[in-house]
There are 4 protein chains.
Amino acid sequence: MSTGVWLIGARGSVAVTSMIGALAVRAGLAEPTGCVLESPELHSDALPGIDELVFGGHDISSIPLGKKAAALGEAGIVPARLAAAVQDALLEIEQDVRPLPVRDTQAEIAESIGADLDGFRRRHLLDRVVVINVSTTEPAPRPHPAHADLDALRAALDGPDPVLPPSALAAYAALRAGCPYVDFTPSTGARLPALDALARGQGLPYGGHDGKTGETLVKSVLAPMFALRNLKVRTWSGTNLLGGGDGANLAEPAANAAKSASKQRVLHETLGYTPQGDTRIDFVEDLDDFKTAWDLITFEGFLGTRMRMEFTWHGCDSALAAPLVLDLARLTAAAHAAGRTGPLTELAFFFKDPLGQVPHALAEQWKALRDAVAAFDVRNTRR
Amino acid sequence: MSTGVWLIGARGSVAVTSMIGALAVRAGLAEPTGCVLESPELHSDALPGIDELVFGGHDISSIPLGKKAAALGEAGIVPARLAAAVQDALLEIEQDVRPLPVRDTQAEIAESIGADLDGFRRRHLLDRVVVINVSTTEPAPRPHPAHADLDALRAALDGPDPVLPPSALAAYAALRAGCPYVDFTPSTGARLPALDALARGQGLPYGGHDGKTGETLVKSVLAPMFALRNLKVRTWSGTNLLGGGDGANLAEPAANAAKSASKQRVLHETLGYTPQGDTRIDFVEDLDDFKTAWDLITFEGFLGTRMRMEFTWHGCDSALAAPLVLDLARLTAAAHAAGRTGPLTELAFFFKDPLGQVPHALAEQWKALRDAVAAFDVRNTRR
Amino acid sequence: MSTGVWLIGARGSVAVTSMIGALAVRAGLAEPTGCVLESPELHSDALPGIDELVFGGHDISSIPLGKKAAALGEAGIVPARLAAAVQDALLEIEQDVRPLPVRDTQAEIAESIGADLDGFRRRHLLDRVVVINVSTTEPAPRPHPAHADLDALRAALDGPDPVLPPSALAAYAALRAGCPYVDFTPSTGARLPALDALARGQGLPYGGHDGKTGETLVKSVLAPMFALRNLKVRTWSGTNLLGGGDGANLAEPAANAAKSASKQRVLHETLGYTPQGDTRIDFVEDLDDFKTAWDLITFEGFLGTRMRMEFTWHGCDSALAAPLVLDLARLTAAAHAAGRTGPLTELAFFFKDPLGQVPHALAEQWKALRDAVAAFDVRNTRR
Amino acid sequence: MSTGVWLIGARGSVAVTSMIGALAVRAGLAEPTGCVLESPELHSDALPGIDELVFGGHDISSIPLGKKAAALGEAGIVPARLAAAVQDALLEIEQDVRPLPVRDTQAEIAESIGADLDGFRRRHLLDRVVVINVSTTEPAPRPHPAHADLDALRAALDGPDPVLPPSALAAYAALRAGCPYVDFTPSTGARLPALDALARGQGLPYGGHDGKTGETLVKSVLAPMFALRNLKVRTWSGTNLLGGGDGANLAEPAANAAKSASKQRVLHETLGYTPQGDTRIDFVEDLDDFKTAWDLITFEGFLGTRMRMEFTWHGCDSALAAPLVLDLARLTAAAHAAGRTGPLTELAFFFKDPLGQVPHALAEQWKALRDAVAAFDVRNTRR
């Protein structure tokens with residue numbers, strides 16, 4: 001099942017690490033560590049293999065993929081020998097990475113994105129193309145009445161003023177072109193009523209939001225632990241220090257607010273109440289793609305006794321995100337093949353801010369994922 | 001359903017905190033924070049209420065319960081006002097706390113323990129008595145051929161030499177007297193083939209081992225997190241600093257080894273392999289009943305990138321253990337009423353070193369517990 | 001040498017803990033732990049004893065000292081038995097705690113403050129009164145031309161608009177009334193050219209700023225360690241979580257900025273350069289007077305190898321500040337007696353943001369303090 | 001001033017990192033980060049330059065220096081490009097690295113070591129040779145009466161049984177050959193009365209023990225901080241996790257005990273009392289040359305309020321030790337040139353377990369070092 005993976009932000013660290021990893025796994029140079037679908041319990045013939053993924057994408061940057069890969073190697077984000085070994089293969093992918101189109105209206109931009117997707121699909125004889133947004137986080141968009149209605153949206157996109165933030169425009173273009181869309185960032189993506197209507201009308205699924213790669217992943221197992229033990233969490237404060245392009249972007253107050261809210265949601269959803277404390281994101285350029293998070297949790301036990309827990313997480317953002325991007329491409333392709341439409345709530349396991357009213361405890365999210373994979377298999381077989 | 005709770009180690013911190021807590025909750029002076037059975041999902045008419053528990057027990061110490069309670073209040077382990085408020089009620093319990101009997105043979109000691117249990121049951125017209133060991137950890141016992149065979153054991157107990165460690169002797173006596181037995185410590189308890197045979201013969205259930213109150217609790221959610229995400233844990237090293245009576249005892253190499261092994265088991269069981277690193281227990285008297293654990297976890301992500309996590313847990317051992325003791329008394333009473341016999345594998349949620357081949361991931365253990373509670377209900381209703 | 005200690009913010013946690021402590025030490029109920037002057041190397045007959053300190057002060061709050069003391073006891077900031085033992089003595093101090101005067105002009109307010117100070121001195125036949133600001137942090141004040149010139153300031157204070165922030169007005173009033181002034185907060189205090197001129201004209205010393213009680217104290221020994229070992233600090237990021245009145249106040253962006261700047265100054269001064277990273281202050285009400293700070297330091301060793309250090313500081317702000325307030329009262333009184341005028345740069349040991357161009361490494365600050373104490377002794381003896 | 005540096009353990013990580021570093025600094029490829037003597041305050045013409053150091057040594061291993069350097073580069077302990085750049089220069093040093101001699105008596109071994117040292121000195125026309133022990137830690141040696149008396153020692157060394165542990169035999173041989181000796185490990189080295197007599201008789205200085213590279217370095221600034229602030233440290237517990245050759249060795253109980261004692265000494269010396277708690281060393285092979293230490297400190301402030309501090313140190317042992325080895329070679333050479341004999345107590349700044357009754361606070365040790373460097377200059381000039 002030949003599957004295209006079209007990455008918005010194709011020249012960024014997460015995208016290029018995903019490509020290097022897929023190429024290295026295919027060539028037998030690396031293990032698929034961190035790829036959730038490699039677990040025996042999730043094995044399914046409905047899923048395309050890592051070696052069946054074909055990469056392309058859009059980016060506003062023009063730094064060559066090979067050069068970016070070498071930089072990732074020097075920074076210790078991927079092994080330098082792997083970055084070197086896949087240079088030729090990246091040169092091939094380079095043919096399918098295009099600048100983000102510039103046009104007079106958003107309707108025309110969408111048209112142009114759609115043409116790029118069609119070309120990619122035809123050129124590689126792909127069964128389908130999954131579009132995944134891994135570009136940097138947008139500020140929260142201004143509300144617009146056309147967000148709520150597909151016809152109004154179509155009309156508004158023809159006008160001179162931008163109606164949709166870039167991530168939603170990409171989702172619109174993807175869905176129009178018959179491609180499922182997944183947002184790995186906290187940006188808007190397909191999360192608007194008009195786009196939900198479009199997806200359903202097109203018989204397409206979409207997924208998101210905000211890949212769960214570090215601090216929130218830990219929260220999604222610790223918060224249920226306190227809940228199951230009936231311990232009362234009084235405060236939960238988090239600090240995230242991160243460098244890299246996303247760090248600089250998230251230090252902007254508007255993006256920061258969006259991301260921080262998404263990071264605290266798991267607490268309310270799993271505890272049933274919101275403890276005191278906030279989640280902070282600070283930019284420390286020197287940390288580069290490595291991220292250090294520190295959380296302090298104070299809680300109350302039997303007869304009110306006060307106790308506390310702290311944790312520090314020191315992770316490499318791209319190394320944590322990239323295998324999940326491969327998982328999401330494969331899962332979304334299988335969901336599409338199985339005829340799923342609308343929000344892929346079964347992918348909550350992967351996201352900080354999942355679509356739908358879904359469990360936020362990691363163990364429950366994993367079971368939902370396992371059941372969904374099993375169902376894809378059945379549906380695909382039936383066809 | 002009037003239920004006796006006979007505590008081995010009845011004058012220790014965990015036992016007295018359990019009593020204070022049960023009395024305070026009954027009197028409306030405290031919330032049952034930390035009591036797992038108070039979760040709505042675990043509600044069941046098959047479970048005796050906290051206010052239906054009647055306390056008694058054995059101890060080698062003779063410090064009055066009221067005095068111990070006051071000391072716990074001064075040390076900040078329970079609120080001083082609660083320790084004061086329950087003095088009268090503790091004086092009543094005092095009538096049912098006896099010195100551990102001293103006799104010539106272990107058979108005679110068991111006889112004497114049984115008589116104490118009978119007297120307790122009759123005096124309070126109890127439906128049943130659950131015996132729970134909360135005394136300090138024993139060194140690992142010497143193997144003895146009689147451990148494997150009930151008849152051989154009976155014969156050996158009549159001899160002059162001790163055959164069973166104290167916890168197993170208590171289990172033997174309890175089971176002979178028709179009482180279910182639970183071991184909250186890493187000691188042997190009922191975990192011998194001869195005693196398993198006795199329990200089954202008597203139609204009695206038993207449970208254990210080693211209450212999961214701190215570092216291992218956290219491990220039981222973090223290790224599955226790494227497993228579900230297919231991240232490779234390379235090392236997991238833990239240090240436990242604890243004061244209090246149990247700390248001094250566990251600093252003894254023999255007891256330490258038993259406890260440390262029990263603390264690493266969760267890693268092998270949930271990861272499927274054993275990472276490098278050990279769990280240490282160090283005695284620091286000044287920390288008293290507060291325990292600080294620090295764990296370092298190093299792991300490998302996509303393409304071999306090295307990452308790390310640390311956590312510190314600063315908990316009050318008695319405040320964490322006591323509500324679980326109340327839960328275990330209620331659950332074991334309900335299991336007995338429902339006709340369960342042999343090892344209560346469904347109580348794995350509570351233990352570091354659970355009986356049977358059971359899941360070690362906390363979320364799965366919780367589901368097993370929930371299902372068991374639901375089943376108790378049905379069975380009790382049927383009768 | 002009978003010495004008055006007039007506290008601005010006399011009903012706050014720091015002030016009342018200082019009073020309870022001085023009373024308890026005097027009564028033999030507590031050790032002077034945390035009082036720097038109790039070190040044998042700093043012994044000097046030039047210093048008034050803790051038992052020679054007489055307390056009074058201003059506050060906008062009207063909560064009785066005894067009630068505040070009881071609350072501190074309940075919150076575990078001071079032992080409840082000490083809070084109870086000093087109730088009578090606090091009732092006496094109550095006579096000398098006044099509401100902050102309200103008048104039409106700042107000149108009149110200063111006049112009124114001066115009258116309160118005179119009354120206090122006469123009533124208790126004090127050799128001198130040291131005024132110490134322990135109230136909550138002010139926002140950074142607006143610049144005003146009169147801050148630079150004493151005559152202009154005198155004229156401006158007669159006008160209808162406020163010219164000085166409250167701390168500087170208190171300093172002005174104190175100096176006019178012949179009292180040395182110390183600012184334990186990051187607020188302006190006497191740190192204006194016009195007030196420096198006033199202090200010198202009056203032959204009075206003044207001190208500050210911002211008591212060094214936690215994270216910055218640790219920085220003042222760790223930063224020199226990196227410098228002495230010629231290790232290159234690349235980033236230093238700090239997070240301070242604090243509750244209590246000061247926490248709420250410092251969460252305001254303006255006050256936060258002032259405090260954070262004062263907290264990073266030690267890095268530039270001891271390292272000779274400013275590493276990346278910021279110091280954050282977050283308000284978490286539930287933590288009350290206990291403050292948790294976490295710092296991440298990344299550094300570079302031989303041949304560029306990257307390494308890192310983290311620390312967590314969990315301190316009780318009032319318990320750390322109060323003994324320093326007693327030290328500062330005694331030192332400033334001795335400095336005054338010894339004829340010192342102008343900024344007391346020798347008190348840098350106590351402050352995050354010390355006056356003058358002074359060393360920021362704790363060990364050097366301590367030597368400057370020791371030398372100053374020795375010099376007070378000589379000067380006092382000579383008189 | 002051409003200075004030989006003869007390293008015992010010349011093929012180990014610390015030795016080879018020292019060589020790579022000296023060569024790289026000399027070639028302008030790296031900065032001397034971590035070299036204490038590069039501080040302007042310690043500049044002295046009495047010190048040989050890094051480019052005047054000539055390397056040789058003994059080792060029981062036969063792994064080529066170039067191969068070891070490449071391995072250090074792969075493990076990220078030194079930059080791979082530097083390990084590559086110095087291959088030719090290491091090949092030259094290779095000529096001066098010999099197997100540790102094997103002979104019938106220790107006297108003969110010492111003779112043979114001396115011959116190696118003489119050959120090295122002559123071959124390179126060196127002004128002097130400093131012998132530095134950087135081999136793995138020995139178990140504590142058995143006492144022997146000959147340790148106390150030089151004549152008895154000489155006689156005993158002729159016997160068939162070993163009298164001295166290897167480090168002391170190396171010291172004996174070095175001193176006999178007219179070479180100053182420094183021990184960077186916790187082993188015995190020159191720390192025996194008989195060897196002290198030998199050093200003084202030969203007019204030679206010696207130094208040690210146990211390079212202060214991580215946790216103890218931090219202790220040597222934090223413990224004085226608590227002391228200067230008159231805060232009472234109640235407990236101080238440390239855990240050291242380390243891999244590498246030294247880690248495996250230190251995990252042996254005998255070596256571990258020696259090292260741990262040396263690590264706690266700083267507390268007693270700077271606080272004036274010994275808090276509760278121990279320092280543990282655990283071997284975790286996977287950590288390789290990176291070492292993680294975690295310390296918990298609980299302390300008491302004003303009126304007995306309990307507080308706590310934790311720190312984690314994540315350092316690369318060789319990257320921290322190597323620049324100190326260069327410093328010690330240069331300092332000891334200058335001390336020798338200046339006519340210093342006996343224990344070099346002024347080098348306490350570098351050691352966990354320094355010789356003599358010296359200050360253990362880092363700031364004071366630095367002043368002693370600075371004064372000593374200044375004195376070397378004067379003495380050298382006079383000659």
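Relevant structure appears above.
Residues numbered from 1 in each chain as written. Chains lettered and ligands numbered in written order. Predicted model: local features only at pLDDT ≥ 70, side-chain atom pairs only at ≥ 80, totals over all residues.

To continue, consider helix α8 (residues 193-202) of chain C. Residue and element names in this part refer to chain C. For α8, the complete set of buried residues consists of Ala194, Leu195, Leu198 and Ala199. Buried residues of α8, viewed axially, fall in a sector of 140°; they line one side. Of the exposed residues in α8, those oriented more than 90 degrees away from the buried face are Pro193 and Gly201. Where α8 is buried, its residues touch α6 (150-157), α7 (166-176), β6 (205-208) and β11 (342-343). Phi turns positive, to about 70°, at Gly203, one or two residues after α8. (Buried ≥ 20, exposed ≤ 12 C-beta atoms within 10 Å, placed from the backbone. Helix = DSSP H or I, 4+ residues; strand = E, 2+ residues; numbered from the N terminus. Arc of directions from axis to C-beta. Contact = placed C-beta atoms within 7 Å.)

Contact residues are listed per partner, giving 47 residues for chain A and 48 residues for chain B. The dominant element in the side of chain A that touches chain B, judged by the number of residues it contributes, is strand β10 (residues 306-316) of chain A, at 10 residues. With seven bridges joining them, β10(A) and strand β10 (residues 306-316) of chain B adopt antiparallel strand pairing. What sits directly across from A:Arg308, in β10(B), is B:His314. (Pairing = 2+ DSSP bridges.)

So, about the relation of the copies chain A and chain B. Each copy superposes on the other: chain A lies on chain B with an RMSD of 0.0 Å after a rotation of 180° and an axial shift of 0.0 Å. Overall, the copies show the geometry of a two-fold rotation axis. Scanning chain A for the C-alpha nearest the rotation axis identifies A:Phe311, at a separation of 2.0 Å. Same-surface contact between copies: 100% of interface residues of chain A are shared with the interface of chain B. (Least-squares fit on C-alpha atoms with pLDDT ≥ 70 in both.)

We now examine the relation of the copies chain C and chain D. Least-squares fitting of chain C to chain D yields an RMSD of 0.0 Å, with the superposition described by an axial translation of 0.0 Å and a rotation of 180°. Interface residue correspondence from chain C to chain D reaches 98%, placing this contact among same-surface, isologous pairings.

Our focus in this paragraph is the packing of helix α7 (residues 166-176) of chain A against helix α8 (residues 193-202) of chain A. Residue and element names in this part refer to chain A. Interaxial distance between α7 and α8 falls to 10 Å at its minimum, and their mutual angle equals 15°. With respect to α8, the axis of α7 lies roughly parallel. Of the two possible hands of crossing, α7 and α8 adopt the one that is left-handed. Across the interface between the two elements, Ala168, Ala171, Tyr172 and Leu175 of α7 pack against Leu195, Leu198, Ala199 and Gln202 of α8. (Axes fitted to C-alpha atoms, helices over the stretch in contact; angles between N-to-C directions. Parallel < 35°, antiparallel > 145°, perpendicular 65-115°, else oblique. Left-handed = near helix turned anticlockwise from the far one by under 90°.)

This part covers the sheet that holds strand β11 (residues 342-343) of chain A. Residue and element names in this part refer to chain A. Strand order across the open sheet formed by seven strands is β3-β2-β1-β4-β5-β6-β11, with parallel pairing between neighbours. Looking along the sheet, the strands with just one partner apiece sit at the ends: β3 (97-99) and β11. Across three bridges, the pairing between strand β4 (residues 128-133) and strand β5 (residues 181-183) is parallel. Within β5, the residue paired with Asn133 across the bridge is Asp183.

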